[in-house]
Structure formats: C-alpha cells, structure tokens
Amino acid sequence: MAEAVPITTIPIRTFQVEDHEGVIQAVIQAVAVFPHRRRMVTGSGPTLRLWDLKKVIVLKEMEGHRSDVRAVAVSRDGRLIASGDQEGKLIAWHGKTGESLIASESFVEGKSLTQSYEWIDAHSKCICSLDFSPDGSMMASGSFDQTTKLWSTKTWKVQGDLIRCSDVVCCVRYSPSGEFLAIATDLDIAIYDPSTRESVANFKGSSSNVSLVWTPGSTRLLSAGDHRDPAIREWDTSTWMQIGDPWTGHTEGITAVAINFGGTMIASASRDNHVRLWQLSDRRTIAIFNHSDSMNCVTFSMDGKHILSGGNDKKVSEWRVGVHRALLIAVEKVAGFPNLPQAHMDALRMRDFLVKSRDYQPENIIIMMHHHSIAPRLYPSRTNMLREIDLVVRCTSQHDHLFFYYTGQGDQVTCRHNSEADGKDEAILTYTGKRIIDNVLKKRLVDPLPQGAKLFALWDCCHSHTVLDLRHYDCNELWRAPFKVLFERENRKLWQVNPITVRYYLNVRRAGEFNASLLRDSCEVQSSMNDDSQTDNMGLGSRVSSPETYLPKCTVDCPPTLPEERLKADVVRVSLLFKSSSKSEVDHPKVSLSACRDNELAYDNNTTGETFTKFFIEYLERNPEASYHDLLSYIRHKVDKITLGRTRVTRDTSDHPLRRLSQNEVEIDDQREHSHTENDTSTLNSQRPSYSSHNRLDMLQIIDL
C-alpha cells in the first residue's frame, strides 16, 4: 500500500499587504530570497516589496513599473535585484536599499525637485524570467517576444547578440558553474554556452516547458510542464537524455520549481492550489502544502528549512520543511536520590520555548513526568520511556527534526561488555529507580533514525557527556587562545568572541596547513590585537607558538573542522561546514549537549531556580541564531557561577587548592547526588557542560533545533 503523503493546510506565517480600507492587494507573481536569510522581495501588481523575514514587515515599497511585475531575481551576493514586467520593461535595484540603480533627478537652480525611476526597454513583450550569473557579472532575461538577452550588471547594456528562440521564452537559468544557460520555451529546452552564444543541446522536454532548475553540481536539469503535461522531468546533463519516468502528482499546470541548497529536495508550485515537496533521490512526494488558490511562484529559504510560496491568494505563505518533534522527560523523584524540585517546571518551560521560539506544534511534543496531570502511560518508567522513544523515532522521517530532553538523575554503572574506556556505562534513571544505560539509548534513539533526520538531545543530569555514545566527545570544544577572549573586561563578557581572532581563525582555514609562516602570522595577529582598543593587554603570551593547541584534538581519526567562509555584512559565501565522507551526515547532524562530563555531577541553585535547562532556554530565547560556540560559552559561564557559590579556592600550604564547602556555608543544595561506590571518581569541584556528536561540529554553525 502506498505511503500516505502528509498534507499541511496552515502555514507557520503569511506575508500580505492591505490597503487603507483593509483590502488585500494584488496577486503574488514572483518571490526571491536574499542569501543572508533575513529578507525577501516579492512582485505583486506593479510594485516590488522588500520584506524583513523575521519581523514580517515591509521594509520598502519599490515603485517604478507601470504594468504588473512578472519576474524578480536577486544576485548570489544579494547586492542586486532585477525585475521585469508585463510590457517588457526591466529595472535594476540596489539590493540593500531597494533604490533604483537607474533613477534620474530633475534639478532647478541646483536643487533636486523630482526623482523619476527609469526603466530599460528590454523586450517588446512580457519579461517572464530573469536570472543572474553565478559571479553576478551578467543577467539573462527571457521574454514572450521569443528572445533571450544577456546584460552586463555594471552598465546594464546588452552584451553580444541576443538569442533567438523557437517560441515564447518561459524560463532562463544559469547552471551553478556558469558553464551553461538553459532556456525553456513553449516548444523545447535549449542549452547554450553563455560566453559564446553557441547552442550546446536542444530537446523537446514537456508539451510546454514553464520552469527549470539545476542541481547544485550541474549534473541534472529538471523541467516542469503546464496544464497539458503537469509533470517534472529529470535530464542527465552529460547526455541530455531523460532519466526515469516523469514525476507525476499535480493535477493542473506547474508554474514554478525550486531546489534547496543541499540539492536533496525539489518544490513545485501548481495551479491545483498545491505546492509539492519532492525527494530528489527517489522522486517521491514527501509533503503537500495546500493553498486556497492557484500558485504562481515558490522558493526555498537559504537554509532549506522553509518554503515560501505565492499566488492568486494574494499572499506569500511560509511552510516548514519536515516535521519538528520533541520528547521531553522529567524525573523529579527517585528513591535513594535527592528530589529535584525544578525538574517538572523545567520540562514545561522547555515545551513553551519550543512552541513559542522554535515553531514546534504542541501536538508534536510529548511530555513524560510522574504528575496527576499526565496520563499514567506517560509516567517515566523504563517501559514507558523506551516505548515513547521507539514511537517518536519511528515517526521521524528524512528531513525531520527530533528534540530529546531529559532532566533527572544520571549515574554510572560497571560496564560489562568491554565497550567503555573508563570501564563504566553512563545511565539515566526512571522514576521507579531503574536505569537505562548509554548503549540502550544509542540503540533506540540514534541508530534507527533515517538518513537525513536531525537529532538534538539535551541532558540535564549527572554523568551525561557520553550518554549517547556519540563518537566525537572531546573535539567539540571552545577555542583556545588566541581565538577566545580569556579574560572578562569592563563592558565585555567572558563568552564573547573577538572579531579579530575570528578573522584570524578564518584566514588560518583559507591558508590550509599550519606551518612556519603561520607562526609568524600569529605573532603579527597578536601584535595587532594588542593595538586594538578593545583587546589590548590580553596577555596571550606563549600560546601563539603552539598552533596545535588552537583547536581541541579529535577523539577519532578526522581532520580539524573549520568554516571556510562566514557571513560578511550582506554577502554570504556558502561552504561545507563539515569535513566528512558522508554528505548526508554533514547536513543532518546528531548532537548531544550535556550538563556535565562523565566524571562530574550536575548542580542546581534551588534558591534562585537556576538550572542548566534554564540557561539553555534563556540564551536561545534572546539569541535565536546563536552558534554552538556562543551557547556553550554562555552556559559554562553561568554554571561556573553556581560552582563558585558551592566551592571556594583556598591558597594555603596544603596540597589541595580546592576544598568542598560544608552545607551550612552555602545556599545551594547538592541536589543531583548519585549512589557513591568505592570506585567513584566523580569530580565534585567542577561542572563542565559539553557537546558530543556523530560528526565533528563546526562550532561557528548556527544551532538548528
């Protein structure tokens, strides 16, 4: 029996404009997103609108066209916007300000009186498609006048001869490498070399080809047909032959297709009121987004997490790609262990955080706790916990997100299967006092997840660092000097990263290998940092002579993972964030964040209500685009304050620089004690929250829950 395709009818957000009488304005004909993920531009009627995606507000209305806008494009670096209208007019706009690049002013006696927006008479009929070359130096325009023109983005003049096509042009698309230009017409698909204007290939495609999209490696080209043939076809670019059967599902004409940055998913908009999400690997529909009217345009957000679609319903709808599920487990009381009065409240806070700040749907969040408001089947017993873990994993599909949270008691037990270097298994406790060890958790929570699914697990308990037995547990650390600001200064917090050190860090990556010249450069960087008004007297000292200590060593045989490029103002240079043999694992990490290391205990401040969970939530609420590095730095800073309240450094003649404060000296209870054994090696005077992961993390990457 065929697997049911989930149909979503309610978007997470909508973007629409009403006039002063409350009437929603024109049909959405075009939409494009900016590479820095914060803005989009839409075309409706004769007006373009620049939107803030986070605040859902119009930043600027861009007026200049006298007929309906039919095509919009944004350059890869976000610096340019181009729009084409029904009458064949073309306007170029500044990507940041939304001002026309070809505006002229009228002057009288040296004073500017009026500003008029000039357009280019690009075509004699409707411009239906625009696309910038990968380097942004050229732009292609396709028109119903059966021509395609290539424009210089510096002069906005046509470069070379125009390309005469066999019929009306519906779509033009540069290949990601810039080697080819694909042109879809009502009769065929033509492939050109844009540098010479020479034809490379020509084939029929659908009965009418309305939209095109390339895969990231330029190995495939996908085309879509109108109402006469509402299907998607896949073409091998080495032979220009069709691969497999057409992708069917739409019942009316397809109007647009788009691909996510990773090249794993295709979105198609149709006049059947649907946007379909396809999995490229097996050409299977994995989701349908239902609208109230026919669709004209669709695109992915730059991070691939959302789809933006617009059409005759006069709004842009934002849809989440994949389902976000959460399993939250709180164990407040265990016989033989101190009670944890914050546990249940922390689980409820976590649920509210996921719903309000991360757009989780309440029906996709399961809470387990021993409380009268919870059904007995969700009491956190061993049987119930393993059953719910199995269920949530079974429901998780490729592209889904799974958030797992446990707050309660952690323990260590003797390892009886010779799989632990320290001879101990980490375990979490149920409310009945039974243990679930790390091997079982990995087998039930990690191993069965489908390829492409994302997991983020949060453990607020003792002995929890390797509780999922993920391979990378020592290398996902904060940078050592000279990358990290090691001292707290006035108006400068401990966990902030110096931008100069980040630039140095990136330059190291671009240089490739650590060598003698790098050492010389590091000394120069230290000198320049000391000259900076914000970073003088940092006292990095001899650490710059040991480049192997800049980043933590990996626990398995893998290369250091450094980001190749980062966001710079409005320019984004997208690159691989991980070095791994499996791209699917790179794009879809499995990450665990624990309250402490395996040989440590976790502590709460029950006087103030401060917990590891509270620190996690409060930082991500204030900083929704925090990196792994930022979050860990903040949490450690806050946990250190609890540790300092519990212990005191004493400098005397004894051999012990730290001593445990007696209970009557502090207001903080040691709530997360465990069953002590004669072999117990727990470190009572420290608590170091840490990551572990299936693949080594890029600590500058934005956390994806």
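The rules behind each value
- Residues numbered from 1 in each chain as written.
- Predicted model: local features only at pLDDT ≥ 70, side-chain atom pairs only at ≥ 80, totals over all residues.
- Heavy atoms only, no water.
- Helix = DSSP H or I, 4+ residues; strand = E, 2+ residues; numbered from the N terminus.
- Buried < 20%, exposed > 50% of the residue type's maximum accessible area, 1.4 Å probe, protein only.
- Contact = heavy atoms within 4.5 Å.
- Areas by Shrake-Rupley, 256 points an atom, 1.4 Å probe, with all protein chains shown as cover.
- Axes fitted to C-alpha atoms, helices over the stretch in contact; angles between N-to-C directions.
- Expected span 1.5 Å × (residues − 1).
- Pairing = 2+ DSSP bridges.
- Core = buried A, V, L, I, M, F, W, Y, C linked by side-chain atoms within 4.5 Å.
- Phe/Tyr/Trp six-rings, centres within 6.5 Å; stacked < 30°, edge-to-face > 60°.
- Polar contact = N/O pair within 3.5 Å; in protein donor to acceptor, adjacent residues only side chain to side chain.
- pLDDT = per-residue confidence, 0-100.
- Salt bridge = Lys/Arg side-chain N within 4 Å of Asp/Glu carboxyl O.

### Re the overall build of the chain
Consideration 1: When you go through the chain residue by residue, the secondary structure sums to eight helices and 42 strands.
Consideration 2: Relative to its full complement of 705 residues, the chain shows a buried share of 54%.
Consideration 3: Considering only intrachain contacts with a sequence separation of at least 6, the fraction spanning at least 24 residues in the chain is 56%.
Consideration 4: Only carbon and sulfur atoms are counted for the fraction: they give 48% of the accessible area of the chain, which is about 31,000 Å².

### Things to note about the packing of helix α2 (residues 382–395) against helix α3 (residues 438–446)
Helix-helix packing is described using two parameters, namely the angle between the two axes and the distance between the axes.
Consideration 1: Between α2 and α3, the shortest axis-to-axis distance is 8 Å and the interhelical angle comes to 35°. Contact residues: Arg382, Leu386, Ile389, Asp390 and Val393 in α2; Val440, Leu441, Arg444 and Leu445 in α3.

### Quick word on α2
Consideration 1: With 14 residues, α2 extends 20 Å between its outermost C-alpha atoms, agreeing within 8% with the 20 Å of an ideal straight helix rising 1.5 Å per residue.
Consideration 2: All of the buried residues along α2 are Asn384, Met385, Leu386, Glu388, Ile389, Val392 and Val393.
Consideration 3: Of the surrounding elements, those touching the buried residues of α2 are β32 (324–330), β33 (365–368), β34 (401–407), β36 (424–429), β37 (435–437) and α3.

### Quick notes on the sheet that holds strand β14 (residues 138–143)
Consideration 1: Strand order in this open sheet of four strands is β13-β14-β15-β16, and the pairing throughout is antiparallel. Across the chains shown, the open sheet's two edge strands, defined by having one partner strand only, are β13 (127–132) and β16 (163–164).
Consideration 2: By the bridge criterion, five bridges tie β14 to strand β15 (residues 147–152) in an arrangement that is antiparallel. Opposite methionine 138, over in β15, you have serine 152 as the bridge partner.

### Concerning the environment of asparagine 695
Consideration 1: With respect to the helices, strands and loops of the structure, asparagine 695 is situated in the segment after β42 (690–693).
Consideration 2: The exposure class of asparagine 695 is buried, given its relative accessible area of 9%.
Consideration 3: Along the chain, asparagine 695 and valine 591 lie 104 residues apart, while their C-alpha atoms are 8.4 Å from each other.

### Section: unusual backbone geometry
Consideration 1: Phi is positive for arginine 283, close to 60°, though the residue is something other than glycine.
Consideration 2: Phi at aspartate 469 is positive, roughly 55°, even though this residue is not glycine.
Consideration 3: With respect to the helices and strands, the residue aspartate 469 is situated in the loop between β38 (454–460) and α4 (499–511).

### With respect to α3
Consideration 1: Among the residues of α3, those classed as buried are Asp438, Val440, Leu441, Leu445 and Val446.
Consideration 2: The inward-facing, buried residues of α3 contact α2, β34, β36, β37, β38 and β39 (590–594).

### A few points about the nonpolar core
Consideration 1: Formed by 77 residues in total, the largest nonpolar core has its most connected members in Phe403 and Phe616.
Consideration 2: No other element matches the seven residues that helix α8 (residues 628–646) contributes to this core.
Consideration 3: Apart from residues lying up to four places away in sequence, phenylalanine 616 is in contact with Met350, Phe353, Phe403, Phe456, Leu458, Leu593, Leu631, Ile635 and Leu705.

### Re the packing of aromatic side chains
In this description, an aromatic ring pair is defined by two values, namely the gap between the centres and the angle between the planes.
Consideration 1: Applying the stated criterion across every chain yields a total of 17 aromatic pairs.
Consideration 2: Between tyrosine 406 and tryptophan 459, the ring centres sit 6.4 Å apart and the planes meet at 45°, which makes this aromatic pair tilted. Here tryptophan 459 lies in strand β38 and tyrosine 406 lies in strand β34, a separation of 53 residues in the sequence.
Consideration 3: Its relative accessible area of 0% is what places tyrosine 406 among the buried residues.
Consideration 4: Among the aromatic residues, those joined into a cluster by ring pairs are Phe180, Phe203, Trp214, Trp235 and Trp240.

### Overview of the sheet that holds strand β23 (residues 232–236)
Consideration 1: Read across the open sheet, the four strands follow the order β21-β22-β23-β24; overall the sheet is antiparallel. Among the strands making up the open sheet, the edge pair consists of β21 (209–214) and β24 (241–242).
Consideration 2: As judged from the two bridges shared by β23 and β24, these two strands associate in the antiparallel manner. Within the sheet, the bridge partner assigned to tryptophan 235 lies in β24 and is glutamine 242.

### Thoughts on the pairing of strand β22 (residues 220–225)
Consideration 1: For β22, the tally of buried residues reaches five of six residues, placing the bulk of the element in the interior.
Consideration 2: Across five bridges, β21 lies against β22 in antiparallel orientation. What sits directly across from serine 211, in β22, is alanine 224.
Consideration 3: Counting the residues in the hairpin turn of β21 and β22 gives five residues, including serine 218, whose phi is positive at 60°.
Consideration 4: In this sheet, β23 lies alongside β22 in antiparallel orientation, the contact comprising five bridges.

### Points about the environment of phenylalanine 337
Consideration 1: As for its position among the elements, phenylalanine 337 is in the loop between β32 and α1 (343–358).
Consideration 2: For the pair phenylalanine 337 and glycine 433, spaced 96 residues apart in sequence, the C-alpha separation works out to 9.1 Å.

### Structural notes on the side chain of threonine 147
Consideration 1: Along the chain, threonine 147 turns up in strand β15.
Consideration 2: A distance of 3.1 Å separates polar atoms of two side chains, one belonging to threonine 147 and the other to histidine 123.
Consideration 3: Reaching out from threonine 147, the side chain makes a polar contact with the side chain of aspartate 145 at a distance of 2.7 Å.
Consideration 4: In contact with threonine 147, not counting residues within four places along its chain, are His123, Ser141, Gly142, Leu162, Ile163, Arg164, Cys165 and Val169.

### Considering the confidence of the model for the chain
Consideration 1: Per-residue confidence for the chain gives a mean pLDDT of 79, with 74% of residues at or over 70.
Consideration 2: Ignoring residues within four places in sequence, the model shows residues 112–116, a span with pLDDT below 50, making 13 contacts including any to other chains.
Consideration 3: In this model, residues 481–551 is a region of pLDDT below 50 whose contacts with residues beyond four sequence positions or in other chains number 105 contacts.

### Re the pairing of strand β31 (residues 316–320)
Consideration 1: Among the five residues of β31, five are classified as buried, and the element is accordingly described as predominantly covered.
Consideration 2: Judged by which residues are buried, β31 turns out to be covered on both faces: Val316, Glu318 and Arg320 on one side and Ser317 and Trp319 on the other are all buried.
Consideration 3: Pairing of strand β2 (residues 13–15) with β31 involves three bridges; the strand directions are antiparallel. Its bridge partner being in β31, phenylalanine 15 is matched across the sheet by valine 316.
Consideration 4: Relative to β31, strand β30 (residues 306–311) runs antiparallel, the two being bridged by five bridges. Bridge pairing links histidine 306 to arginine 320 in β31.

### What about the environment of glycine 84?
Consideration 1: Turning to its location among the elements, glycine 84 is positioned in strand β8 (residues 80–85).
Consideration 2: For glycine 84, a relative accessible area of 0% gives the class buried.
Consideration 3: Discounting chain neighbours no more than four positions away, the residues touching glycine 84 are His65, Val69, Arg70, Ala71, Lys89, Ile127 and Leu130.

### Points about the pattern of salt bridges
Consideration 1: Tallying each qualifying case throughout the model produces 29 salt bridges.
Consideration 2: Measuring nitrogen to oxygen at the nearest pair gives 3.5 Å for the salt bridge that ties glutamate 625 to lysine 54. Placement of glutamate 625 in the loop between α7 (612–622) and α8 and of lysine 54 in the loop between β5 (47–52) and β6 (57–63) is noted, with a sequence separation of 571 residues between them.
Consideration 3: Note on lysine 54: relative accessible area 54%, which makes it exposed.
Consideration 4: Put simply, arginine 320 and aspartate 359 hold a salt bridge, and the shortest N to O gap is 3.6 Å. Placement of the pair is arginine 320 in strand β31 and aspartate 359 in the loop between α1 and β33, with a sequence separation of 39 residues.
Consideration 5: Each member of the salt-bridge network shares a partner with another, and the members are Asp474, Glu477, Arg597, Arg636 and Arg688.

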